[in-house]
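Overview (structure and organization)
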Amino acid sequence: MAEASGLAVPGGEARPTVFAEISALALATGAANLGQGFPDADGPEWVRELAVQAIRDGINQYPAGRGSRALRGAIADHQRRHYGIELDPEREVLVTAGATEAIAATLLALVGPGDEVVTLEPFYDSHAASIAMSGAAHVTVPLAPNDGGFALDAEALDAAVGERTRVILLNTPHNPTGTVLTDAELAAVAAAARRVGALVVTDEVYEHLVFDGNVHTPIAALPGMFERTLTISSAGKSFSLTGWKIGWVSGPAELVDAVMAVKQFLTYSGGAPFQPAIARALTDGAGDIAELRGSLAARRDVLVSGLREVGFDAIVPGGTYFVCADATPFLGHETPDGAAFARALPAAIGVACIPVSAFCRSGSPTAEALANWVRFTFVKDEATIRTAIDRLRGLPRSG
Ligand SMILES: *Cc1c(COP(=O)(O)O)cnc(C)c1O
């Protein structure tokens, strides 16, 4: 996953990310690792068995570049059933090596030097890396903590989106904040895109992992938005199969063709035996998704209430795998900010988390505003979460 890899930018050198650094510290110290966001339990056995069967059945050579017919059909069907979005599986759906490849291929296809790409800030790390690889400039709009949630600053959005904006790259439900953008926020993004003729690329890998009656709405389903939107998702998060790397991008045929033109020289195709398994999972896996959603909501509650008891100001996420919390009460001389705190925590008390500043541009106003914040994941078994909370109780409070 992108979180594990070194961020290599053109002209730069691959360096270990804070994710890799903290994972190594967590391993070395035996920490309860609430850092990196991947499940510690594999997805449905029946789906895994289908992939085993596909290997035995000889589905082991290059699949079609656009993805197997069965999977493209299942993706189109999924978008119609859940969101009322009609797709032609022959022209408007492309299977990719995870959402990560879809993001990279889409940005390489659509933007280049002289263009601007607008994202929320904080942002998922691979979004920034893909923008950098494309040569476009990265412009951000803060998601600021407010009233117990994180909200899009509509004025900042309007200021950020201008003549040079070629793409607004959205992510909802949002990693790292857990925010599910509201209909009003989506409408504001849609209006900004229309105002300047920008395209929207939307990363919806947590589309099914929303809690408390929150509803995920793809921006492509808003009036007049399908024709300017590419929607990206993946089986990894919905089915706890992150290592399979089956993702997809869908939207108008001309835009999908442009992505295909890049994708064919990134991986061409991949994941042959996983594709029929994910096709069936999308068609018949609603019960498995509901079960995951329920168990994640319960684990989220354990984590949020534990963090609050310990003294963190934790925000209740509407979706995703993540809780963000203000660690200010625990900062001091040795650990002046969230980054220093997250680096010290594994050795100090045996817990790992990620500083939110890792999802910000260094030195930006948002990085300053969230300098003391850290992200914990709850996609771990409940015992690990409880162990982490027990250990956090031992944290000395500063001042
Ligand atoms: C995990 C994640 C991805 C990566 O998806 P893959 O299918 O594993 O490539 C993309 N975007 C966000 C926001 C994620 O959290």
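Located above this text is the structure these notes cover.
Report on the accompanying structure. Bear in mind the structure is a predicted one, so any value in this text is a computation, not a measurement.

This next bit is on the overall build of the protein chain. From N to C terminus, the protein chain includes 14 helices and 14 strands. In terms of overall dimensions, the protein chain is globule-like: its C-alpha atoms have a radius of gyration of 20 Å, near the 21 Å expected for 399 residues. Projecting the C-alpha coordinates of the protein chain onto the three principal axes gives extents of approximately 60 × 50 × 45 Å. Here the protein chain holds 399 residues, and 57% of them are scored as buried. Carbon together with sulfur atoms contributes 53% to the accessible area of the protein chain, which is approximately 15500 Å² in total. Computing the positive centroid from 30 side-chain charges and the negative centroid from 45, the protein chain places the two 3 Å apart.

A few words now on the sheet that holds strand 10 (residues 313-314). Spatially, four strands are ordered 10-11-14-13 in an open sheet, and the strand pairing comes out antiparallel. Whereas interior strands pair on both sides, the edge strands pair on one side only; in this sheet they are strand 10 and strand 13 (354-355). Note: strand 11 (residues 322-326) against strand 14 (residues 373-377), five bridges, orientation antiparallel. Looking across to strand 14, one finds that phenylalanine 322 is bridged to threonine 377. Across the face of the sheet, helix 11 (residues 286-310) comes into contact with strand 10, strand 11 and strand 14 while running at roughly 10 degrees to strand 11.

Our focus in this paragraph is the nonpolar core. Core analysis: the largest hydrophobic core is formed by 69 residues, its most contacted members being Val167, Leu303, Leu307, Phe312, Phe341, Phe376 and Leu392. Sequence-distant contacts of leucine 303, defined by excluding residues within four places in its chain, comprise Leu34, Val323, Phe376, Thr377, Phe378, Ile385 and Ile389. Leu143, Ala160, Ile315 and Val356 belong to the second-largest nonpolar core, a separate cluster that totals 29 residues.

Burial of strand 2 (residues 93-97) is extensive: four of the five residues sit out of reach of the surface. In terms of strand pairing, strand 2 meets strand 9 (residues 246-250) through five bridges, oriented antiparallel. Note that in strand 9 the partner of valine 93 across the bridge is serine 250.

For the rest of this paragraph, the subject is the site of the ligand. Around the ligand, the neighbouring residues are Gly98, Ala99, Thr100, Tyr124, Asn171, Asn175, Asp203, Val205, Tyr206, Ser234, Lys237 and Lys245. A distance of 2.6 Å separates a nitrogen atom of the ligand from a polar atom in the side chain of aspartate 203. At 2.6 Å, a side-chain N or O of serine 234 approaches an oxygen atom of the ligand. Burial of the ligand by the protein amounts to 98% of the accessible area it has alone, namely 390 Å². With three residues, the single largest contributor to the shell around the ligand is helix 4 (residues 98-110). Partitioning the shell around the ligand into residue classes produces four nonpolar, five polar and three charged.

Axis angle and axis distance: for two packed helices, these are the angle between their axes and the distance between the axes, and together they describe the pair. Two elements in contact, helix 3 (residues 69-83) and helix 10 (residues 274-284), have axes separated by 8 Å at closest approach and are oriented at 20 degrees. Classified by the interaxial angle, the pair formed by helix 3 and helix 10 is roughly parallel. Of the two possible hands of crossing, helix 3 and helix 10 adopt the one that is left-handed. In contact with Ala70, Leu71, Ala74, Ile75, His78 and Arg81 of helix 3, helix 10 contributes Gln275, Ile278, Ala279, Leu282 and Thr283.

Right, let's talk about the pattern of salt bridges for a bit. Between side chains of opposite charge, pairing is possible as soon as their charged atoms come close. Per the counting criterion, the structure on display carries 16 salt bridges. Glutamate 90 is the salt-bridge partner of arginine 69, the closest N and O atoms lying 3.0 Å from each other. A residue pair is termed long-range when its members are at least 10 positions apart, and arginine 69 in helix 3 and glutamate 90 in the loop between helix 3 and strand 2 qualify at 21 residues. Accessibility expressed as a relative area gives 35% for glutamate 90, which makes it partly exposed. Note that glutamate 86 is salt-bridged to arginine 80, the shortest N-O span being 3.4 Å. Residue glutamate 86 is classed as exposed on the basis of its relative accessible area of 53%. Counted as one network, the salt bridges with shared partners bring together Asp77, Arg80, Arg81 and Glu86.

The next subject is the environment of proline 142. Checked against the element boundaries, proline 142 lands in strand 4 (residues 137-146). Expressed as a C-alpha distance, the spacing of proline 142 and isoleucine 278, which sit 136 residues apart in the sequence, is 35 Å. Residues in contact with proline 142, not counting those within four places in the same chain, are Glu121, Ala151, Leu152, Asp153, Ala156 and Thr366.

On to the layout of surface pockets. In this structure, the second largest pocket encloses a volume near 280 Å³. Every residue lining the second largest pocket is counted, 17 residues in all, and those nearest its centre are Ala41, Asp42, Gly43, Ser240 and Leu292. Counting residues per element, the lining of the second largest pocket draws most heavily on helix 11, which supplies five residues. Residue composition of the lining of the second largest pocket, grouped by class: six nonpolar, four polar and seven charged.

Let us look at the state of the cysteines. Throughout the structure, instances matching the rule amount to zero disulfides. Of all cysteine sulfurs, the one in cysteine 324 lies closest to cysteine 360, which takes part in no disulfide; the gap is 9.5 Å.

Reading the values: the criteria
Residues numbered from 1 in each chain as written. Predicted model: local features only at pLDDT ≥ 70, side-chain atom pairs only at ≥ 80, totals over all residues. Heavy atoms only, no water. Helix = DSSP H or I, 4+ residues; strand = E, 2+ residues; numbered from the N terminus. Rg over C-alpha atoms; globule rule 2.2 N^0.38 Å. Buried < 20%, exposed > 50% of the residue type's maximum accessible area, 1.4 Å probe, protein only. Areas by Shrake-Rupley, 256 points an atom, 1.4 Å probe, with all protein chains shown as cover. Lys, Arg positive; Asp, Glu negative; His and termini not counted. Charge placed at Lys NZ, Arg CZ, Asp CG, Glu CD. Pairing = 2+ DSSP bridges. Contact = heavy atoms within 4.5 Å. Axes fitted to C-alpha atoms, helices over the stretch in contact; angles between N-to-C directions. Core = buried A, V, L, I, M, F, W, Y, C linked by side-chain atoms within 4.5 Å. Near = heavy atom within 4 Å. Polar contact = N/O pair within 3.5 Å; in protein donor to acceptor, adjacent residues only side chain to side chain. Nonpolar A, V, L, I, M, F, W, Y, C, P; charged D, E, K, R; others polar. Parallel < 35°, antiparallel > 145°, perpendicular 65-115°, else oblique. Left-handed = near helix turned anticlockwise from the far one by under 90°. Salt bridge = Lys/Arg side-chain N within 4 Å of Asp/Glu carboxyl O. 1 Å grid on protein atoms, 1.4 Å probe; cavity = no way out; pocket = protein on both sides within 12 Å on 5 of 7 lines; lining within 4 Å. Points joined across faces, edges and corners; volume = space filled by probe spheres on them. Disulfide = S-S within 2.5 Å.

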